Number of protein chains: 2
Amino acid sequence: MSIKSEVEAANAAYAADFGEKASLTLPPARGFLILTCMDARLDPAKYAGLAEGDAHVVRNAGGRATDDAIRSLVISHKLLGTREWFVVQHTDCGMLYFDDATMGDLLAGSLETAELTPRGFENASSPGGSAEGRYIKWHTIADQQRAVIEDVTRIRRHPLVDPVVPIYGYVYDVKTGRLNEIVAASQAGQPLR
Amino acid sequence: MSIKSEVEAANAAYAADFGEKASLTLPPARGFLILTCMDARLDPAKYAGLAEGDAHVVRNAGGRATDDAIRSLVISHKLLGTREWFVVQHTDCGMLYFDDATMGDLLAGSLETAELTPRGFENASSPGGSAEGRYIKWHTIADQQRAVIEDVTRIRRHPLVDPVVPIYGYVYDVKTGRLNEIVAASQAGQPLR
């Protein structure tokens, strides 16, 4: 069975037992948001105990506080009433294993999936690359704890972020499933640790 | 119990029974990615049948193909080997109910959560607004099906997207849990419908 058929079959099974989820409304019932990484090993509904309807979940490569993540956070609080935000990055994140120059070079050589060799990522073939990758900031990570602190700080200081929203920072450990706290709370005027 | 305590307690219970998830590796086992909305009612792991380790999940306000979403997609294919992408937006999306001018005005008046009145979103109070919101494109949606088609098209035509990756487009119905197909496949050279 193709991936598309598998996804559609799983969805049909889910919809067949949809029940009272049909009556959920737009604003998150528990009034919070999680910003986390797209990593396949992370399931924020499971690692944080969310049912459908509970909380907003924003995900990108790294769980970074990019401009687009902040767009989503501001909509979440201003229009849909979330009152607490969690930033959850994680161990063994792919963003630790490359930098902007590497990615620019790889994409300039080929758009196809690179191979991970003992020397790092390498192009296996080289048709159809594009230099456009050199003009993008990829938001890679050099130090995971520092990235969480920097991202919480960026959100805290953003001019469109309401100072009453507490922002917590964690690193999720992919070997244990545990959330390890990095930033206990970043409320207005409180120092980051 | 506070939200933070609830999340940490749920996480402790999840980690206590982590089992063989400790051995999952970085590249998604089933080799695909879902781009979807942050909406609290959507749980992509449930609506598409994902276990931890299966697939990348990218989420933002609207499930839009923003520059940051495309950053994540390109990393997903180029470095981590995903070979098929699903764009899943949904009915009753919050992005249908405002526009850039409305959001700019609301934020200029106050950063606090607005009230939804019969006349639309209105500020209940007005301390501490910021005009910065007028300089942001919020990626609101006027027509949901058109947004899916436009976003799949944007991804398809992006210079850093490998033409071999099929891109499927759906609207998830929040009243039924069903994925309704909008774009059957957008492979290189195939017309969009």
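Source: prediction; values computed, not measured.

**Considerations on helix α3 (residues 67-78) of chain A**
Phase 1 of the analysis: For α3(A), which comprises 12 residues, the first-to-last C-alpha distance of 16 Å matches the rise-based estimate of 16 Å (1.5 Å per residue) to within 8%.
Phase 2 of the analysis: Counted residue by residue, α3(A) has 11 buried out of 12 residues, so it is predominantly covered.

**A look at the UniProt feature "binding site: Zn(2+)" (unreviewed entry) in chain A**
Residues and elements named next belong to chain A.
Phase 1 of the analysis: Cross-referencing UniProt, the feature "binding site: Zn(2+)" (unreviewed entry) maps to C37, D39, H90 and C93 in the present numbering. The annotated residues occupy 57 residues of the chain but converge on a single region, no pair of C-alpha atoms lying more than 8.8 Å apart.
Phase 2 of the analysis: With respect to the helices, strands and loops of the structure, H90 is situated in strand β3 (residues 84-90).
Phase 3 of the analysis: H90 gets classed as buried once you look at its relative accessible area, which sits at 0%.
Phase 4 of the analysis: In this view, H90 contacts C37, D39, R41, L42, Q144, V171, Y172 and V174; residues no more than four positions away in its chain are not counted.
Phase 5 of the analysis: Positionally, C93 belongs in the loop between β3 and α4 (100-109).

**A look at the side chain of B:H56**
Phase 1 of the analysis: Summarising the element assignment, B:H56 is placed in strand β2 (residues 55-60).
Phase 2 of the analysis: Note on B:H56: relative accessible area 1%, which makes it buried.
Phase 3 of the analysis: Among the polar contacts made by the side chain of B:H56, one reaches the side chain of B:S76 at a distance of 2.7 Å.
Phase 4 of the analysis: Setting aside chain neighbours within four positions, we find B:H56 in contact with A:M38, A:D39, A:A40, B:P28, B:F32, B:L33, B:I34, B:S76, B:L80 and B:T82.

**What about the packing of α3(A) against helix α4 (residues 100-109) of chain B?**
Phase 1 of the analysis: With their axes 12 Å apart at the nearest point, α3(A) and α4(B) run at an angle of 70° to one another. In terms of their interaxial angle, α3(A) and α4(B) are classed as roughly perpendicular. Crossing handedness for the pair α3(A) and α4(B): left-handed. Listed contacts from α4(B) to A:V74, A:I75 and A:K78 of α3(A) are B:M103, B:L106 and B:L107.

**Quick look at α4(A)**
An α-helix turns once per 3.6 residues; consequently, residues spaced three or four apart project the same way.
Phase 1 of the analysis: If you check which residues of α4(A) are buried, you get A:M103, A:G104, A:L106 and A:L107. Seen along its axis, α4(A) keeps its buried residues to an arc of 165°; they face one direction.
Phase 2 of the analysis: Contacts from the buried residues of α4(A) go to β5 (120-122) of chain A together with α3 (67-78) of chain B.

**Digging into the packing of aromatic side chains**
Phase 1 of the analysis: The tally for this structure, following the rule as stated, stands at 10 aromatic pairs over all chains.
Phase 2 of the analysis: Centre to centre, the rings of A:F86 and A:Y168 are 4.9 Å apart; their planes meet at 55°, and the pair counts as tilted. Pair noted here: A:F86 is in strand β3 and A:Y168 is in strand β6 (residues 167-172), with a separation of 82 residues, a long-range link. Residue A:F86 shares its accessibility class with A:Y168, and that shared class is buried.
Phase 3 of the analysis: On the numbers, 6.1 Å between centres and 20° between planes, the contact of B:F86 with B:Y170 is stacked. Taken as a pair, B:F86 in strand β3 (residues 84-90) and B:Y170 in strand β6 (residues 167-172) lie far apart in primary sequence, 84 residues in all. For the pair shown, B:F86 and B:Y170 are each scored as buried.
Phase 4 of the analysis: Positioned over the ring face of B:Y168 is A:K4, at 5.4 Å from the centre of the ring.

Conventions adopted
- Residues numbered from 1 in each chain as written.
- Chains lettered and ligands numbered in written order.
- Predicted model: local features only at pLDDT ≥ 70, side-chain atom pairs only at ≥ 80, totals over all residues.
- Heavy atoms only, no water.
- Helix = DSSP H or I, 4+ residues; strand = E, 2+ residues; numbered from the N terminus.
- Expected span 1.5 Å × (residues − 1).
- Buried < 20%, exposed > 50% of the residue type's maximum accessible area, 1.4 Å probe, protein only.
- UniProt positions renumbered as here; feature names shortened; annotations may be inferred.
- Contact = heavy atoms within 4.5 Å.
- Polar contact = N/O pair within 3.5 Å; in protein donor to acceptor, adjacent residues only side chain to side chain.
- Axes fitted to C-alpha atoms, helices over the stretch in contact; angles between N-to-C directions.
- Parallel < 35°, antiparallel > 145°, perpendicular 65-115°, else oblique.
- Left-handed = near helix turned anticlockwise from the far one by under 90°.
- Arc of directions from axis to C-beta.
- Phe/Tyr/Trp six-rings, centres within 6.5 Å; stacked < 30°, edge-to-face > 60°.
- Lys NZ or Arg CZ within 6 Å of the ring centre and 35° of its normal.

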